[in-house]
Each structure stands twice: as C-alpha cells, then as structure tokens.
2 protein chains.
Amino acid sequence: MQKIIDLGKRVRLLEAASAVGHEEFFGPLGDLFDYHDESDKFGAKTWELSEGELDRITLNLLLKKAGLKPCDIDILFAGDLQNQCVASSQGLSSFGIPYIGLYGACSTSAEGLLCASMFLNSSKSLKRCASITSSHNCAAERQFRTPIEYGGQRTPTAQWTATAAGAFILERSDTEGTEKDTKSLKRNIYVREVMAGKIVDSGVSDAANMGAAMAPAAADTIESYFKKSESSPSDFDFIITGDLGKEGGEILRELLLSIGIDIRKNHSDCGVMMYDFKRQDVHSGASGCGCSASVLASYFIPRLKKGEIKNILFMATGALMSPSSIQQGGSIAGIAPLIHLTSE
Amino acid sequence: MQKIIDLGKRVRLLEAASAVGHEEFFGPLGDLFDYHDESDKFGAKTWELSEGELDRITLNLLLKKAGLKPCDIDILFAGDLQNQCVASSQGLSSFGIPYIGLYGACSTSAEGLLCASMFLNSSKSLKRCASITSSHNCAAERQFRTPIEYGGQRTPTAQWTATAAGAFILERSDTEGTEKDTKSLKRNIYVREVMAGKIVDSGVSDAANMGAAMAPAAADTIESYFKKSESSPSDFDFIITGDLGKEGGEILRELLLSIGIDIRKNHSDCGVMMYDFKRQDVHSGASGCGCSASVLASYFIPRLKKGEIKNILFMATGALMSPSSIQQGGSIAGIAPLIHLTSE
C-alpha cells in the first residue's frame, strides 16, 4: 500500500545543477543549463565514458554552485541507464563520497531525491546528501536499440534519449547554512512529501513506445496521491512527469480524466519540454534519466527559488526493461516515484 | 566522509528467507536454505526469467514465514546483477508493493538492508520494509562472461556466481507484533548501526579476479568503522564479508593487518562458506548478489535469533563494472556498505 510520507519542513533542497549535450542545448531550455558540450563527448573517448564525465562535471558544478566540497556531502545517491549503472560508478568514484547506487530506469531522478530526503530525515548525523542521474543518447541507443551510426528508422512513438545530467544537494533544515547559502537563497525549497511508486505492468511490449508503458504507473501514483492527500490537482502550480513524451503524456491525461482527475491545466512533461518539436526531429520527445533531472534542475528549481512557483509535484517515470527482457517477449513495466516540493 | 549512523533499537529484523539452485544446495549450507530447485530453472523458460521466479518464490516464502501479506510491507528494496536489474522488476511486480530499485553489484544485499533500516527510522508512517537480492549463475555467466554451454576455462581466482536469493523483513520496533511474531521470536535482532561505503578503485581490471577488486573497498569500510566506533574486531562474533572468495578474503585480512586491524579470528566470507571446495569445482568461491543475502538469511540470522551469536558486522562487497567498461579498459571499483546486527 503506497503511503505518503510527510517530511514537514525538515529537508530542504539547497542547490541544483545540470549539464547537457548538443541537441538539448539547441532546445528551448538551452540557455538554462549550467554547462553543455556540443560534441556530446565531454572529453572522453567512448560514449560510455562520456556519460561518466558528464556525471563528474555536473557534480563538480553542483558543488561549486553550493560553495561546498565533496567532504561536505555525507551520502551520494546516483544512477543511470548503462548496464550495471557504470556511468555513475566510474564518473563519480573520484569524489570519495559514500555512495548508494540506484536503479529505477528513467525514474531514478525522483527516486534519488526521495531516498536522499528519507535518509536526511532519518538521522541527525547526516547533514547533506546529493543525488545525481544521467543519460547519454549515443550510449543508450547502442545499448538498448542500435548504434546511432546504423541510422535505423524510428517510429513516431519513439523518444530521443537525452544527453543530460541533473544533480541536487539536499540538507537537513537544522543544518547551519554556509555564508554563500544565506546570500543566494532568497526562499527555501522543501521536500514536503515523498511517495514510492508501485511497479505497474500493463502488458506493453513495444520498446519504441515507452510513454505508453510508463503512463499507467504515473496514473497509479497520481491517483494514489490524490486519494490519500487532501489536495487536488489545482493546488499545484505544476504536476510534472519525467519523460512520458507526447504519446505517454496524452495517455496519462486521458487515464486520469477517466477516473475524474483532471491535470490538463497544470501537467508538464520534461520529455516534451526538452526539445523544439518544429526544429528538432525527436519524434515523441525526450527520455532518459538525465531528462527529468536536468529539466527539474534548470527550469523548475530556479523558479521555485525565485518564488515564481510555489508548489509542485514531481514524478519521474521509469520503464523497467532490458534488451534481453524485450527479446524474450517480456512486457515493459513502469514505475513513478513522487516528490512534493514547496517554495516558502 | 563516512559516518556511522546509530539506529539504537528502533529497527528490528523480523524474518529472513532464502532459496537456491543445484550447486548451492549441495554445498555445506544446503539444508539451511528454505527452498531449492535442482534444475536451477524455477519453472521458467530462460535463465533470466528463472532469476525473476527465484525472486518471486523467495519473497513469497518470506511473507509466509513472517505470517504477513504483501500489503503489510510498505516499501520493497530490491536489486540483482542482470542488466537494468530486470530480474527484480519482472519477478516482483505481481506483489504490488511500492518499490525502490537498487544497484550496488554484489553489495546490494547490505545496501538494501541499510536503505530499509534508514527509511523505517525516518518515518513512523512506515511500519515494515522488505529487502531482496538475487543472482543466477547461468544468467550472470552469459551476461558478464560467456554462456555456460561454451565451457570456457576459468582462472584460479575466478568465482562461481551463486544461484541464490535472500530476503528480509525489517520493522520499526514500535510496531505491534502479530501473534506469530511473538511466538516465533525468542530474541529480537536489531539493525544497530549502518554505514554507507565509498567507491574504492584500486586499478584492478581483471574481471576474473573480483575478490582483488573488492577487497580494498571492504578494507576501507572496516578501517573507517573501527576508527569512528569505539569497538574493536574482538567485540564481534563475526565480521562477515559478502563474496570476496578465498583470494579476496586473504587480501582483505592482509590489508587490514598491515594497518594494525586483525580480523583473522572472526572473519567469515559468505563466498567461501557457500561451497565445499573439496567436492565442488568453484575455484575461489561464490559470488553474486544472492550469495551474501542467502548465507546471511539462512546461516547467520537463525543463529542470531537463537542467541548463539549476538553481535555481527555484515558487509556485502560489490564490484562496480560492466562488460562494456571492461572491454573499454576500465578498472573495477569496489564498494562495501556495512550493517551492524545484534541479538538481544
């Protein structure tokens, strides 16, 4: 049974950072990201190592923005889409921060924030945790589908794995701020509630339609949340999903409307926000661990900080499958953990 | 900086269950496992699906032993070695329990117990969490090395991926016990302390010598623990490592001895305990997520329950690599999260 865990104002989100590749920089949010590399290589020799470097650069940027050192972070939560999450472990090993590896497919961004918040709320001996997630188009495409050099045709429901990483520092609210914190933070962003997602398997087995596979899990999480909380969709400035894309987003809104929950006015999907569909040939939109993480870090967190928006639900959506599971005829289950952020 | 997190007596380990395959059943601990399948297939058509079934069966057994239903578990933490951790997500989706996917390679068993304990300590709205990890010899060998049908020669330092799963239920100590709990639990097992591990990369790149790759991470965790705690190795009945095997275990003991920490009298490695080296051709011993989980569940937890042993450190060890990272010349980093269990 899903439970909403109320964290009060005990955990705040201190800082966020993002880095992206070529295609993402040329999208509508391009200027908002902290760093980009037009070659998508980030100085590394292979696409897999490039993603590790993307992780390393993003965490470095995050620490710099927060005015903190690696030793100021008690635990680092991280995950990506590469087999055995090796982008995270290779890219982040040099920091020497105690490490918890996560795998929630593209939902890992919300999963990391959820876990970091729960850990900070659990013990006063932890002051700050960080969470980082990434994806890389060229590493993901050749692992999950075909190498990009192959030039395979993509179906209209296919999504474009974003080359992106997003990282966050959370801290216990009773932690004394550094001088820099006090100056830069006009408002506090709190992780007010978290809710883990259930694995929802609706029998979708088309690996080129992840949106359809993940939408039922997002619908399940939203339905559970509004049943258990005393709020309604209109209480939130945005109800954000990770990477359902155009196709999955429509399915989600229809599924919810059929049970009397209308999120049409305030639903945003990071996978739709990432690219300009007129200029960029990305079919149903962006996907990947780094998509939701980088859009949250670059677009929503700064707006929460400024007080332009005050209350959001963020739900990253993950498709739980592997190339083997698809080849063996398995269906693609979805999952969608949720966090509730406020700006006060 | 690694921190020991003191959980007092707020989280107890309620029940444990294990299931194994052919080779493990014929090892010295064979009779202690709750279930075995001599075909290693667990009723499924492919090795990958077999591991999912192994997970499903083990979690079912665990719930039965504890007299609980899936709805009594608030969050399930799970992970395995298959790409995208698909054994866990496929095998466990039918339970409908809110799910947090983990990836810590073979360290996932301790990572899951650590996370479940931290979550339970974090919020009174959670009563019980479960943690499960698995590995399957035939699924792992063909994913990481070669299919077993190929009959490749193995080096003396190579380990045998165990076909095994171990699962645990933890609960907040202020949760009222069911009738069955009160009867079966003569003593309480508490998760007294937890400590996340750092990623330690010592430059080992031989995928047939995981023990050497993981031993420095285990040494780092043990050194940190004894530096920060006021205890010494002799305070513990056992200091248990996950799956260093013969080779890695020796390296660990030597590394620690060189800095004045002597664990030779009370060190046990689950990878060494799993098989009979005289009868079974397993080279350096067992490895895999399921190795440490099933040995903890079947051998150590029952002894803690009976009070035969009272104080143990359990550290599962993970090798953070993928076939791609090895092929691209990457080294294998290790990680070793720790939990401290007492029986009172």
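Look above for the structure.
None of the values given here were measured: they were computed from a predicted structure.

### Points about the interface of chain B and chain A
Listed by partner, the interface residues are 56 residues for chain B and 56 residues for chain A. Across the chain B/chain A interface, buried area totals approximately 4,500 Å², and carbon plus sulfur atoms make up 60% of it. Considering only the side of chain B, the residues that lose the most area to chain A are Gln84(B), Ile199(B) and Gln328(B), jointly responsible for 16% of the buried surface there. Among the ionic pairs, Lys3(A) bridges to Asp74(B), the shortest N-O distance being 2.8 Å. In this assembly, chain B and chain A are joined by 22 residue pairs in polar contact (both at pLDDT 80 or more). Within the residue set of the side of chain B that touches chain A, elements represented by two or more residues are helix H2 (47–66), helix H3 (86–92), strand E5 (99–101), helix H4 (108–122), helix H5 (137–144) and helix H11 (323–327) of chain B. Here the side of chain B that touches chain A takes 7 residues from H4(B), the largest share from any one element. Along the lines of polarity and charge, the residues of the side of chain B that touches chain A split into 28 nonpolar, 21 polar and 7 charged.

### A closer look at the packing of aromatic side chains
Any pair of aromatic rings gets described here by the distance separating the centres and the angle formed by the planes. Scanning all chains against the criterion turns up 17 aromatic pairs over all chains. Considering the side-chain rings of Phe77(A) and Phe119(A), the 5.0 Å spacing of their centres and the 85° angle between planes classify their relative orientation as edge-to-face. Pair noted here: Phe77(A) is in strand E4 (residues 75–79) and Phe119(A) is in helix H4 (residues 108–122), with a separation of 42 residues, a long-range link. For the pair Phe77(A) and Phe119(A), one class covers both residues: buried. Relative to Phe236(B), the ring of Tyr225(B) has its centre 6.1 Å away and its plane inclined at 65°; by these criteria the two rings are edge-to-face. You can see Tyr225(B) sitting in helix H7 (residues 210–228) and its partner Phe236(B) sitting in the loop between H7 and strand E10 (238–241), a full 11 residues away along the chain.

### Examining the packing of helix H2 (residues 47–66) of chain A against helix H5 (residues 137–144) of chain A
All names here are of chain A. The geometry of H2 relative to H5 is characterised by a closest axis approach of 8 Å and an angle of 135° between their N-to-C directions. Here H2 is positioned oblique relative to H5, judged by the angle of their axes. Judged by the sense of rotation from one axis to the other, the crossing of H2 with H5 is left-handed. The segment H2 lies against H5, with Trp47, Glu48 and Glu51 engaging Cys138, Ala139 and Arg142. Broken down by class, the residue content of the contact of H2 with H5 amounts to 3 nonpolar, no polar and 3 charged.

Rules of the game
- Residues numbered from 1 in each chain as written.
- Chains lettered and ligands numbered in written order.
- Predicted model: local features only at pLDDT ≥ 70, side-chain atom pairs only at ≥ 80, totals over all residues.
- Heavy atoms only, no water.
- Contact = heavy atoms within 4.5 Å.
- Buried area = accessible area lost by both parts, 1.4 Å probe.
- Salt bridge = Lys/Arg side-chain N within 4 Å of Asp/Glu carboxyl O.
- Polar contact = N/O pair within 3.5 Å; in protein donor to acceptor, adjacent residues only side chain to side chain.
- Helix = DSSP H or I, 4+ residues; strand = E, 2+ residues; numbered from the N terminus.
- Nonpolar A, V, L, I, M, F, W, Y, C, P; charged D, E, K, R; others polar.
- Phe/Tyr/Trp six-rings, centres within 6.5 Å; stacked < 30°, edge-to-face > 60°.
- Buried < 20%, exposed > 50% of the residue type's maximum accessible area, 1.4 Å probe, protein only.
- Axes fitted to C-alpha atoms, helices over the stretch in contact; angles between N-to-C directions.
- Parallel < 35°, antiparallel > 145°, perpendicular 65-115°, else oblique.
- Left-handed = near helix turned anticlockwise from the far one by under 90°.

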